[in-house]
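# Structural overview for review
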Amino acid sequence: LGYDTVPQFLSLFSDGLPSKLNAEGTDPTTSLITVLYTEVGILNEVIEIWKHGRGTAAMEQSRVAARGANEWRKAVGEIAGLATEFTTSIQKPLAFSPIT
């Protein structure tokens, strides 16, 4: 994919992100925790971590709302050309985790 893939991805992502965060209908318990990328191991991997306080119902409601955010839709359309795969997983923090 080359050296420019992650910077291009992050530029597109950051351009569209405000519309996703402010999309009408987003569950109020949904919040972006962080966006990370790898420099060692799997290269060109970008990871978003979201917290959905109401669990999968909040996740689905927020995903549907994001699809109505025009700038986000445009960004995702361009990001799709850079990506080789998208993966979604649900993680549950342990009781001693600082993020619960």
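In what follows, the accompanying structure is described. (Residues numbered from 1 in each chain as written. Predicted model: local features only at pLDDT ≥ 70, side-chain atom pairs only at ≥ 80, totals over all residues. Heavy atoms only, no water.)

### Regarding helix α3 (residues 70-79)
Within α3, the full set of buried residues consists of Trp72, Ala75 and Ile79. For α3, the angular spread of the buried residues around the axis is 65 degrees, confining them to a single face. Exposed and oriented more than 90 degrees from the buried face of α3 are Asn70, Arg73, Lys74 and Gly77. In this structure, the buried residues of α3 make contact with α1 (5-21) and α2 (56-67). (Buried < 20%, exposed > 50% of the residue type's maximum accessible area, 1.4 Å probe, protein only. Helix = DSSP H or I, 4+ residues; strand = E, 2+ residues; numbered from the N terminus. Arc of directions from axis to C-beta. Contact = heavy atoms within 4.5 Å.)

### Some remarks on α1
With 17 residues, α1 extends 23 Å from end C-alpha to end C-alpha; this agrees with the ideal 24 Å at 1.5 Å per step. In the structure, α1 departs most strongly from a straight axis at aspartate 15, where the bend amounts to approximately 35 degrees and where the proline proline 18 lies between one and four residues downstream. Listed as buried for α1 are Thr5, Val6, Phe9, Leu12, Phe13, Gly16, Leu17, Ser19 and Lys20. (Expected span 1.5 Å × (residues − 1). Bend = angle between axes of the 7 residues up to and from the residue.)

### A closer look at the nonpolar core
Phe9, Leu12, Phe13, Leu17, Ala23, Ala65, Ala66, Ala69, Trp72, Ala75, Ile79 and Leu82 together form the largest nonpolar core, which totals 12 residues. Sorting the residues of this core by element identifies α1, α2 and α3 as the ones contributing at least two each. Among the elements that take part in this core, α1 stands out by supplying four residues, more than any other. Every residue in contact with alanine 66, bar those within four places of it in the chain, is listed here: Lys20, Ala23, Trp72 and Arg73. (Core = buried A, V, L, I, M, F, W, Y, C linked by side-chain atoms within 4.5 Å.)

### Focus on the packing of α1 against α3
Put simply, α1 and α3 touch, their axes get as near as 7 Å, and they point 155 degrees apart. Put simply, α1 runs roughly antiparallel to α3. For the crossing formed where α1 meets α3, the hand is left-handed. Facing Phe9, Leu12, Phe13, Gly16, Leu17, Ser19 and Lys20 of α1, the residues of α3 in contact are Glu71, Trp72, Ala75, Glu78 and Ile79. (Axes fitted to C-alpha atoms, helices over the stretch in contact; angles between N-to-C directions. Parallel < 35°, antiparallel > 145°, perpendicular 65-115°, else oblique. Left-handed = near helix turned anticlockwise from the far one by under 90°.)

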